[in-house]
Amino acid sequence: MRAAVIAMVAWPAARCVVFALLDGTLCALDAATGAVLHDERFTIDDVPSIVTAITVRDEMIAVGTIDGRLLIFALR
């Protein structure tokens, strides 16, 4: 059984839905087909963390983590 979803957001620029699970997994699904685009444990500098908040704007995604970090990534 997978863990519960803690955060989720639609990301139109990437044509996907991104969500984080309480077990530390970060996933992305294709918005049209539901195909898995990304599914792995989230780490920062090889240290596991848990994403607790996600937001997107155009081609940028920002995630907040349980250990108080804010990370911003670009789609490209």
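Residues numbered from 1 in each chain as written. Predicted model: local features only at pLDDT ≥ 70, side-chain atom pairs only at ≥ 80, totals over all residues. Heavy atoms only, no water.

1. Re the sheet that holds strand β9 (residues 70–74)
- Strands sit in the order β7-β8-β9 across an open sheet of three strands; the sheet is antiparallel. Lying at the two open borders of the sheet, with one neighbouring strand each, are β7 (51–57) and β9. Averaged over all adjacent pairs, the angle separating strand axes in this sheet is 20°, with direction ignored.
- Of the strand pairs in this sheet, β7 and strand β8 (residues 60–65) are connected by six bridges, and their pairing is antiparallel. Looking at the pairing, R57 lines up with M60 of β8. (Pairing = 2+ DSSP bridges. Helix = DSSP H or I, 4+ residues; strand = E, 2+ residues; numbered from the N terminus. Axes fitted to C-alpha atoms, helices over the stretch in contact; angles between N-to-C directions.)

2. A short note on the state of the cysteines
- Overall, the coordinates contain zero disulfides when judged by the stated rule.
- We note that C16 lacks a disulfide partner, and the nearest cysteine sulfur, in C27, lies 11 Å from it.
- The class for C16 is buried, based on a relative accessible area of 6%. (Disulfide = S-S within 2.5 Å. Buried < 20%, exposed > 50% of the residue type's maximum accessible area, 1.4 Å probe, protein only.)

3. Describing the pattern of salt bridges
- Counting across every chain of the model gives two salt bridges.
- Among the salt bridges present, the one from D23 reaches R41, with a minimum N-O distance of 3.8 Å. Within this pair, whereas D23 is found in the loop between β2 (16–21) and β3 (25–30), its partner R41 is found in strand β4 (residues 36–41), the two being separated by 18 residues in sequence.
- The class of D23 is partly exposed, set by a relative accessible area of 28%.
- Owing to a relative accessible area of 52%, R41 belongs among the exposed residues under this scheme.
- The salt bridge partner of R69 is D67, with a shortest N-O separation of 3.5 Å. (Salt bridge = Lys/Arg side-chain N within 4 Å of Asp/Glu carboxyl O.)

What is shown is where atoms sit, not what they do.
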